[in-house]
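Overview (structure and organization)
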Amino acid sequence: MKRRNFLLFTFIITSSFLKGQNDTVFLTGTSRFYGDSLVLRWNGRTLQSFNALQKIPLVVETLNPVGRWVQLAQQNAVQVNRWYLNKSPALRNRLLAAGLLQQFQTESKRPVNGDEELQQRQENLKYLWLNLSLTADLDAFVAEACNLRHTILNPPQNSVSQYRIFSAHPLYFSDTLFFVVAPQRFTAESLPAPAATEQDGAVSLRWKTDRSYTAYYVEKAAPGSGTWTRINTAPLVIPAGQQELFYTDSVQNYVPSEYRISGIDLFGDATLPGAAVKAMGRDRTPPPVLSGFRLKETPDNHIVLSWDKSLPLNGEAGIAIGMKHEGPDAYIPLFNKLKPMTTTSFTIPVKPGISNYYFVLQVFDTAGNSSSSEAFIQLEDNTAPAKPEGLRAIVNDSGIVTLR
């Protein structure tokens, strides 16, 4: 069958929901105490349970001091037409979530013909659910609208409190999810500075991921300004099985900037401003190779290296030459300072008894980049062998001479 396509995030995500305090067969949840409020947060453990959460009311209860459960609220998912959205950039995540939820509802009602179409519909629904879960992590409004979050104001301050949620609809089977909350106020953490690699026209950042965060944002500032700007419009989520995240910022070379990262968790809480790293783009493009590199042996036992003249068009700083006699050996520089780019030849004397000469011709620019070309010459053997020593002539009685 023809595959159905959705205009969603351009990345695949896995469920970012942490293992809850007391997970059940169908639900997973956790809580967070802020002092003046307490948030209960949950999600379905399966696609079917998430689908049910969009249709059924949930009851929220607390255990009172005499051991009786008292209802605090009964809540339902909010229909998209009651989200009262506009096209403000600040509501981008909610607009996306509304579109995802509408597609989820439409896809769940789409008739299928056969097992193949049924499996395809399940895959589409799972993809929509995972993306909806992401938007619910990033925006508390979306989590509450999708029946995945409840806020309790003025919770107990000095004692452990207990809560539970369960389905209030008799047609839907749902087990009960319990929350045991200690009055320990949530404190946001800061993240370490990312590692930066300075490239030509770009700064590449990387950092180790932490599964307690749903997504990351990258911020940038001029050095010492303290004015930070978020530079990735879409959140950076952690692909399945990946332990590092990467972000590349296109920049002008040699203009320094400071970078830092922040994380967003499933409660929509951001980390504190983290440590910053300073970096900038650098020229990493090597200069053009010198053409026409050639070697010539002279009658007076010298080797002349020559090459074509090249005009410095890419910030070339000068020329270096290295030499060796065996292939695996390292090249040894023939002079300490770079020769000017106007140089087109160089002469060295031949060493007695050595016939193999390898040369490398390098061009360096002002940024330290280099390009090179190599050449090899094997000299003609014009050295006479050593004269024989201890020559003797012996004549026997028959007049025959023997040379030894």
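Coordinates for the structure precede this section.
These notes cover the structure that comes with them. (Residues numbered from 1 in each chain as written. Predicted model: local features only at pLDDT ≥ 70, side-chain atom pairs only at ≥ 80, totals over all residues. Heavy atoms only, no water.)

1. Overview of the overall build of the protein chain
For clarity, the cut-off: In this text, helices come from DSSP runs of H or I with a minimum length of four residues, and strands from runs of E with a minimum of two, each type numbered from the N-terminal end. Within these notes, the globule rule equals 2.2 Å times the number of residues to the 0.38 power, and the radius of gyration is based on C-alpha atoms. When accessible area is computed with a 1.4 Å probe and restricted to protein chains, residues below 20% of their type maximum are described as buried, those above 50% as exposed, and intermediate ones as partly exposed.
Helix and strand counts for the protein chain come out as four helices and 24 strands. Compactness check: the protein chain gives a C-alpha radius of gyration of 38 Å against a globular reference of 22 Å for 404 residues, more than 25% above the reference. On the principal axes, the C-alpha backbone points of the protein chain span a range of 135 × 60 × 50 Å. For the protein chain, the residues scored as buried account for 42% of the 404 residues in total.

2. Quick notes on the pairing of strand β9 (residues 202-208)
Inclusion rule: Strand pairing requires that DSSP identify at least two bridges connecting the strands.
Among the seven residues that make up β9, five are buried, leaving the element largely enclosed by the rest of the structure. Sheet topology places strand β8 (residues 195-199) next to β9; five bridges connect them, and they run antiparallel. If you follow Gln-199 over to β9, its bridge partner there is Ala-202. Pairing analysis gives seven bridges linking β9 to strand β13 (residues 244-250), with the strands arranged antiparallel. Bridge pairing links Val-203 to Asp-249 in β13.

3. Looking at the nonpolar core
In plain terms, the rule: To qualify as a nonpolar core, a set must consist of buried Ala, Val, Leu, Ile, Met, Phe, Trp, Tyr and Cys residues joined through side-chain atoms within 4.5 Å.
Grouped together as the largest cluster of nonpolar side chains are 34 residues, with contacts concentrated most on Leu-40, Trp-42, Trp-83, Phe-104, Leu-132, Ile-165 and Phe-179. In terms of residue count, the dominant contributor to this core is helix α2 (residues 92-109) (six residues).

4. Section: the pairing of strand β6 (residues 161-167)
Across the seven residues of β6, six count as buried, placing the element largely inside the fold. In the sheet, β6 pairs with strand β7 (residues 177-181) via five bridges, with the strands oriented antiparallel. Note that in β7 the partner of Tyr-163 across the bridge is Phe-179.

5. Describing the packing of aromatic side chains
For clarity, the cut-off: Think of it this way: a Phe, Tyr or Trp ring, Trp meaning its six-membered ring, pairs with another when their centres are within 6.5 Å, and the plane angle makes it stacked under 30 degrees, edge-to-face over 60, tilted otherwise. Should the NZ of a Lys or the CZ of an Arg lie within 6 Å of a ring centre and within 35 degrees of the ring normal, that charge is described as sitting over the ring.
All told, the structure shown has 11 aromatic pairs when counted by the stated rule. Each residue in the set Phe-50, Phe-104 and Trp-129 is aromatic and connected to the rest through ring pairs, giving one cluster. Of note, Arg-32 hangs over the ring of Phe-186, and the distance from its end group to the ring centre comes to 3.8 Å. Here the guanidinium or amino end of Lys-324 rests over the ring plane of Tyr-331, the centre of that ring lying 4.5 Å away.

6. Quick word on the sheet that holds β13
The following threshold applies: Lines fitted to C-alpha atoms define the axes, with helix axes restricted to the stretch in contact, and inter-axis angles between N-to-C directions lie between 0 and 180 degrees.
One open sheet accounts for three strands, arranged β8-β9-β13; its pairing is antiparallel. Strands with a single pairing partner mark the edges of an open sheet, and in this sheet they are β8 and β13. Each strand axis lies, on average, 20° off the axis of its neighbour in the sheet, ignoring direction.

7. Examining the pattern of salt bridges
Keep this limit in mind: Definition used for salt bridges: Asp or Glu carboxyl oxygen within 4 Å of a side-chain nitrogen of Lys or Arg.
Applying the stated rule across the entire model yields 12 salt bridges. In this structure, Asp-265 and Arg-32 form a salt bridge, with 2.6 Å as the shortest nitrogen-oxygen distance. You can see Asp-265 sitting in the loop between β14 (257-264) and β15 (277-279) and its partner Arg-32 sitting in strand β1 (residues 27-33), a full 233 residues away along the chain. Overall, Asp-265 belongs to the buried group, its relative accessible area being 6%.

8. Comments concerning the sheet that holds strand β4 (residues 69-75)
Taken in spatial order, the four strands line up as β4-β3-β6-β7 in an open sheet, and their pairing is antiparallel. Bordering the open sheet on either side are β4 and β7, each of which pairs with just one other strand. Sheet twist, expressed as the average angle between the axes of neighbouring strands with direction ignored, equals 20°.

9. A short note on the environment of Gly-292
The criterion, for reference: We call two residues in contact when some of their heavy atoms are within 4.5 Å.
Here Gly-292 is to be found in the loop between β15 and β16 (294-297). In this structure Gly-292 comes out as partly exposed when scored by relative accessible area, which is 32%. The sequence separation of Gly-292 and Pro-328 amounts to 36 residues, and the corresponding C-alpha distance is 24 Å. Excluding residues within four positions of it along the chain, Gly-292 makes contact with Ser-306, Trp-307 and Asp-308.

10. A short note on unusual backbone geometry
Of note, Asn-154 is a non-glycine position whose phi angle comes to about 50°, a positive value. Its place among the elements puts Asn-154 in the loop between β5 (149-153) and β6. Given a relative accessible area of 65%, Asn-154 falls into the exposed group. The residue Tyr-254 is not glycine, and still its phi comes out positive at about 65°. Tracing the sequence through the fold places Tyr-254 in the loop between β13 and β14.

11. A few points about the packing of α2 against helix α3 (residues 115-138)
Defined as follows: Just so you know how the angles are binned, under 35 degrees is roughly parallel, over 145 roughly antiparallel, 65 to 115 roughly perpendicular, and the rest oblique. Crossing chirality is assigned from the near helix's rotation relative to the far helix, an anticlockwise turn below a right angle marking it left-handed and a clockwise turn marking it right-handed. In this classification, Asp, Glu, Lys and Arg are treated as charged, Ala, Val, Leu, Ile, Met, Phe, Trp, Tyr, Cys and Pro as nonpolar, and every other residue, Gly included, as polar.
At a minimum axis distance of 9 Å, the contact between α2 and α3 shows a crossing angle of 155°. As judged from the angle between their axes, α2 and α3 are roughly antiparallel. Every pair of crossing elements has a handedness; the one defined by α2 and α3 is left-handed. Of the residues in α3, those in contact with Asn-93, Leu-96, Ala-97, Leu-100, Leu-101, Gln-103, Phe-104, Glu-107 and Ser-108 of α2 are Arg-121, Asn-124, Leu-125, Leu-128, Trp-129, Asn-131, Leu-132, Thr-135 and Leu-138. Taken together, the residues of the contact of α2 with α3 sort by class into 10 nonpolar, six polar and two charged.

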